[in-house]
Amino acid sequence: MIATTATPVPLPNSRLRVGDVLRVGASGLRTRRLRTGLSTLGVAIGIAAMVGVLGLSASSREDLQIKIRALGTNLLEVQAGTGFGRGSGTLPDTAVAMVSRIGPVTSVSSIATVAGAVRRNDTISAGITSGISVFAADPGLLDTLHATLADGRWLDAATSTYPAAVLGSVTAQKLGIVDVADQLRVRINDEWFAVIGILDPVAAAPGLDRGAVVGIAAASTYLTAGAAVVPETIYVRTSDADVAAVRNVLSNTVNPATPEEVQVSRPSDALAAQEAASTAFTSLFLGLGAVALLVGGIGIANVMVIAVIERRSEIGLRRALGATRAHIRRQFLTEAILLAGAGGVVGVGLGAGVTAVYASIKHWQIVIPPIAIIGGFVAAVVIGGVAGLYPASRAARLPPTEALRSN
Amino acid sequence: MTADIAPIGVPALELVDVVKEYPGEPPIRALDGVSLRVEAGELAAIVGPSGSGKSTLLHIIGTLDRPTSGIVRLAGVEASAMSDKQLSAVRSQLIGFVFQQFFLLEGMTAIDNVANGLLYRGIAPSERRQAAAEALDRVGLGNRMQHTPNKLSGGERQRVAIARAIVNRPSIVLADEPTGNLDSKSGGSVMDLIRELHLEGRTILIITHDRELAASLPRRISMRDGLVESDATDETLQNATQ
Ligand SMILES: Nc1ncnc2c1ncn2[C@@H]1O[C@H](COP(=O)(O)OP(=O)(O)OP(=O)(O)O)[C@@H](O)[C@H]1O
Ligand SMILES: [Mg+2]
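Residues numbered from 1 in each chain as written. Chains lettered and ligands numbered in written order. Predicted model: local features only at pLDDT ≥ 70, side-chain atom pairs only at ≥ 80, totals over all residues. Heavy atoms only, no water.

**Observations regarding the sheet that holds strand β6 (residues 95-99) of chain B**
Residue and element names in this part refer to chain B.
Line of reasoning, step 1. Read from one edge to the other, the open sheet built from six strands follows the order β6-β7-β8-β3-β9-β10, with strand pairing classed as mixed. Looking at which strands have only one partner, the edges of the open sheet turn out to be β6 and β10 (227-233). Each strand axis lies, on average, 15 degrees off the axis of its neighbour in the sheet, ignoring direction.
Line of reasoning, step 2. Strands in contact with helix α2 (residues 84-94) are β6 and β7 (172-176); relative to β6, the strand with the most contacts, it is inclined by about 80 degrees. (Pairing = 2+ DSSP bridges. Helix = DSSP H or I, 4+ residues; strand = E, 2+ residues; numbered from the N terminus. Axes fitted to C-alpha atoms, helices over the stretch in contact; angles between N-to-C directions. Contact = heavy atoms within 4.5 Å.)

What follows is the structure, encoded as structure tokens:
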């Protein structure tokens, strides 16, 4: 055995268990519930704003993506007219035949507006259903637009010549028609048309939702007194690879004489533009959320500074019981992080809730990016840590005798 | 073996020429060369006029503050040259404090307040509570364990604080006017408790302004202007308690 000297064995260091750090940090909050709740609010609002914005933009983007996918990026829309506004003119009646000769084109359909008022019966004045337009379309339109039916059938070669109509989704709703099995009829101008089908909302041509569609032959027979119905808009579906090539030749094909009077567009581009526009808003709101977070962080720092001043005697007592400076620092840092972390949890919940509610009102798919949830919580914790740094080190630096000299 | 009985021959406390000067214009000499030796198992009163340096002395003995010069030894452990971290270790293991203002944490039950006396020793919560329950039993508050401080009388609060001071079995208990905030009846019961703890072998130093109380204790250390003016051990009282 080694000879021992008079030097006493050094005492083991003070030690605060990890679980106790959390317990001690939380105990300061438990006794000041109102203040805890209020100071958490700032961070909660900031995080909620950010999570909500990220969730809503992701949900709306997802919805646009779904619409774009349903629409297809290979659909082109051809309209006549410049200067007088889109769709004001008509296209040559040879247009459909010409376009269908372009190699990569897989389907072509045309549509035209027909003057007419739609009514449920002949006693109601036309004014009630004034928002409803009458369209004449060819039987291929449903496939070209990738549109679907809610009920009944679409026009075919036979029904296109009869007084038969397919109603848009909004039209059906306005007229109170939900089931074609009821064999209802609608009155267009002075003719009765049998309702044979009801469309789902049409993403490629939202105008159809507020319309009643009849065959081109039927339109000419029953609605225009024999005058030919000339196409206004042509929808062209091409193979995916050749969209740009087809787009380049469409104007010349449709109207070789005055190609500049033909407008060619891609409906999916509008949705893509909408998507791009929403990102601009997202960054604006994210910025606002960040400001709210900063204010929340300052609020927490403020509350913690006050807590340190108020709890001087507690700090002194803990030092007297053997707490090191590090233990005191850890206690107040934990308290600040728990404060902000609670705000983070509430904020994430709030943001997700707002997203869910708003998205379901809009009939969007609810998308809350995991990065928003994790990021929101982590951001809150980091803010708590930063906000707590100064108050905690102030508490730690407080000399025990000064802390115990109360009043 | 318990820590509240120091090794044979080693005094519980030894001060050699301790000076404490607070900076200022002019600097305040709160302690002007205090030498003191307290054996294990002693019960001593520290008396003296206000401002004579009693609290300063107790803080330095309790390693809450450092002397400007001089040596402080606790149970043979030299504290004067220690780091802040080591001083914390000394406080958590060798010293128990009792204050005039109790310093109990509101919103925490009596048993949890007492268990805090072991918080910085790295002991598991269940063990802390068990030791706290025993200490509360010892001070006669076994039936008040779940009470928060605001539901306890002043005397009961001070007894909870005493239980907290002894729960870590310190080699010395330091009390700064423990009865100063109490009426004479509860002050008397607190002093009865302190005498009992002394009879069990604990080393206790008490600051008091109460002459009668001081006269009833075996040893009286009188302070004046930062110096020990007199240090009297009453043999009869000393023998009576041994
Ligand atoms: N932190 C400090 N800074 C400056 N001076 C101090 C400080 N603490 C104590 N003093 C001074 O040191 C002297 C001794 O103070 P101390 O508190 O030890 O007196 P005391 O004997 O405990 O008095 P009391 O009976 O009133 O409690 C006093 O003059 C006091 O003003
Ligand atoms: Mg004093």
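**A word on the site of ligand 1**
Line of reasoning, step 1. Near ligand 1 you find 14 residues, and of these R405 of chain A together with S50, K54, S55 and T56 of chain B are the closest.
Line of reasoning, step 2. Separating an oxygen atom of ligand 1 from a side-chain N or O atom of S50 of chain B is a distance of 2.4 Å.
Line of reasoning, step 3. In this structure, H209 of chain B approaches ligand 1 through a side-chain N or O atom, which is 3.2 Å from an oxygen atom.
Line of reasoning, step 4. Out of a free accessible area of 620 Å², ligand 1 has 67% covered by protein chains. (Near = heavy atom within 4 Å. Polar contact = N/O pair within 3.5 Å; in protein donor to acceptor, adjacent residues only side chain to side chain. Areas by Shrake-Rupley, 256 points an atom, 1.4 Å probe, with all protein chains shown as cover.)

**Looking at helix α9 (residues 312-320) of chain A**
Residues and elements named next belong to chain A.
Line of reasoning, step 1. Counting buried positions along α9 gives seven out of nine residues, so the element sits mostly inside the fold.
Line of reasoning, step 2. Along α9, the positions that sit buried rather than exposed are E314, I315, G316, L317, R318, R319 and A320.
Line of reasoning, step 3. Positive phi shows up at G322, right after α9, with a value of about 115 degrees. (Buried < 20%, exposed > 50% of the residue type's maximum accessible area, 1.4 Å probe, protein only.)

**What to know about the nonpolar core**
Line of reasoning, step 1. With 67 residues, the main nonpolar core has L15, L57 and L205 of chain B as its most contacted residues.
Line of reasoning, step 2. Core analysis: the second largest hydrophobic core is formed by 39 residues, A132, V160, I194 and L213 of chain B among them. (Core = buried A, V, L, I, M, F, W, Y, C linked by side-chain atoms within 4.5 Å.)

**Examining a positive patch on the surface**
Line of reasoning, step 1. A cluster of basic residues, R329, R330, R394 and R397 of chain A together with K85 of chain B, forms a positive patch on the protein surface.
Line of reasoning, step 2. Contributing elements (two or more residues each) for the positive patch: α10 (325-361) and α11 (370-397) of chain A.
Line of reasoning, step 3. Looking at the secondary structure, you find R330 of chain A in helix α10.
Line of reasoning, step 4. In this structure R330 of chain A comes out as partly exposed when scored by relative accessible area, which is 38%. (Patch = residues over 30% accessible without salt bridge, like charges linked within 9 Å, V, L, I, M, F, W, Y side chains within 5 Å. Salt bridge = Lys/Arg side-chain N within 4 Å of Asp/Glu carboxyl O. Lys, Arg positive; Asp, Glu negative; His and termini not counted. Charge placed at Lys NZ, Arg CZ, Asp CG, Glu CD.)

**Notes on the pattern of salt bridges**
When charged atoms on two side chains of opposite charge get close, those side chains can pair.
Residue and element names in this part refer to chain B.
Line of reasoning, step 1. Under the counting rule described, the total for this entry stands at 28 salt bridges over all chains.
Line of reasoning, step 2. For R37, the salt bridge is made with E14, and the minimal N-O distance between the two is 3.7 Å. Of this pair, R37 sits in strand β2 (residues 28-38) while E14 sits in strand β1 (residues 13-22); the two residues are 23 residues apart in sequence, bridging distant segments of the chain.
Line of reasoning, step 3. For R37, the salt bridge is made with E39, and the minimal N-O distance between the two is 2.6 Å.
Line of reasoning, step 4. Among the residues examined, R37 registers a relative accessible area of 40% and is labelled partly exposed.
Line of reasoning, step 5. Assessed through its relative accessible area of 32%, E39 is described here as partly exposed.
Line of reasoning, step 6. Overlapping salt bridges, with partners in common, bring together E14, R37, E39, R73 and E78 in one network.

**Some points on the UniProt feature "domain: ABC3 transporter permease C-terminal" (unreviewed entry) in chain A**
Line of reasoning, step 1. What UniProt calls "domain: ABC3 transporter permease C-terminal" (unreviewed entry) maps, in this numbering, to residues 288-400 of chain A.
Line of reasoning, step 2. Structurally, residues 288-400 of chain A comprises 87% helix and 0% strand, and the distance from its first C-alpha atom to its last is 43 Å. (UniProt positions renumbered as here; feature names shortened; annotations may be inferred.)

**What about the sheet that holds strand β4 (residues 69-74) of chain B?**
Residue and element names in this part refer to chain B.
Line of reasoning, step 1. What the four strands build is an open sheet, ordered β2-β1-β4-β5; its pairing is antiparallel. The open sheet has two edge strands, β2 and β5 (77-78), and neither has a second partner.
Line of reasoning, step 2. Across two bridges, the pairing between β4 and β5 is antiparallel. Across the sheet, the residue bridging to L74 is V77, located in β5.
Line of reasoning, step 3. This element, helix α1 (residues 54-61), spans β1, β2 and β4 of the sheet and lies at about 120 degrees to β1.

**Quick word on the packing of aromatic side chains**
All names here are of chain A.
Line of reasoning, step 1. The full count for this structure, using the stated rule, is four aromatic pairs over all chains.
Line of reasoning, step 2. Seen in terms of ring centroids, F193 and Y222 are 6.0 Å apart; in terms of plane orientation they differ by 80 degrees. Their pairing is edge-to-face. One end of the pair, F193, is in strand β8 (residues 191-199); the other, Y222, is in helix α6 (residues 216-223), and 29 residues separate them in sequence. (Phe/Tyr/Trp six-rings, centres within 6.5 Å; stacked < 30°, edge-to-face > 60°.)

**Regarding the interface of chain B and chain A**
Line of reasoning, step 1. Between chain B and chain A, the contact holds 33 residues from the first and 31 residues from the second.
Line of reasoning, step 2. Of the roughly 2800 Å² buried at the junction of chain B and chain A (both faces included), carbon and sulfur atoms supply 60%.
Line of reasoning, step 3. Per-residue buried area on chain B facing chain A is highest for L64, F103 and Y120 of chain B; these three make up 25% of the total on that side.
Line of reasoning, step 4. Summed over the shared surface of chain B and chain A, the result is three salt bridges.
Line of reasoning, step 5. Measuring nitrogen to oxygen at the nearest pair gives 2.6 Å for the salt bridge that ties D20 of chain A to R128 of chain B.
Line of reasoning, step 6. The interface formed by chain B and chain A holds 14 residue pairs in polar contact (both at pLDDT 80 or more) in total.
Line of reasoning, step 7. Listing elements by their share of the side of chain B that touches chain A, those giving two or more residues are α2, β6 and α4 (125-138) of chain B.
Line of reasoning, step 8. No other element matches α2 of chain B, which puts nine residues into the side of chain B that touches chain A. (Buried area = accessible area lost by both parts, 1.4 Å probe.)

**Things to note about the side chain of S39 of chain A**
Residue and element names in this part refer to chain A.
Line of reasoning, step 1. Following the sequence through the fold, S39 ends up in helix α2 (residues 33-71).
Line of reasoning, step 2. Residue class for S39 comes out buried when judged on its relative accessible area of 10%.
Line of reasoning, step 3. Only 2.8 Å separates the side chain of S39 from the backbone oxygen of R35, close enough to count as a polar contact.
Line of reasoning, step 4. Looking at S39, its side chain comes within polar contact range of the main-chain oxygen of T36, at 3.2 Å.
Line of reasoning, step 5. Those residues in contact with S39 that lie beyond four places of it in its chain are I300, V303 and L339.

**Some thoughts on the environment of V21 of chain A**
Residues and elements named next belong to chain A.
Line of reasoning, step 1. Positionally, V21 belongs in helix α1 (residues 18-30).
Line of reasoning, step 2. Considering only alpha carbons, one finds V21 and E335, 314 residues apart in sequence, at a separation of 9.3 Å.
Line of reasoning, step 3. For V21, the contacting residues outside a window of four places in its chain are L16, R330 and T334.

**So, helix α5 (residues 154-166) of chain B**
Line of reasoning, step 1. Given a rise of 1.5 Å per residue, 13 residues ought to cover 18 Å, and the 19 Å separating the end C-alpha atoms of α5 of chain B matches this to within 8%.
Line of reasoning, step 2. Of all 13 residues that make up α5 of chain B, 11 are buried, and the element is covered over most of its length.
Line of reasoning, step 3. Of all the residues in α5 of chain B, the buried ones are G155, E156, Q158, R159, V160, A161, I162, A163, R164, A165 and I166 of chain B.
Line of reasoning, step 4. The secondary structure elements touched by the buried residues of α5 of chain B are α9 of chain A together with β6, α3 (110-115), α4, β7 and α6 (184-199) of chain B. (Expected span 1.5 Å × (residues − 1).)

**Observations concerning the packing of α2 of chain A against helix α8 (residues 267-310) of chain A**
Residue and element names in this part refer to chain A.
Line of reasoning, step 1. For the pair α2 and α8, the least separation of the axes is 7 Å and the interaxial angle reads 170 degrees. It follows that α2 is roughly antiparallel to α8 by the angle criterion.
Line of reasoning, step 2. Grouping the amino acids of the contact of α2 with α8 by side-chain chemistry returns 20 nonpolar, 14 polar and five charged. (Parallel < 35°, antiparallel > 145°, perpendicular 65-115°, else oblique. Nonpolar A, V, L, I, M, F, W, Y, C, P; charged D, E, K, R; others polar.)

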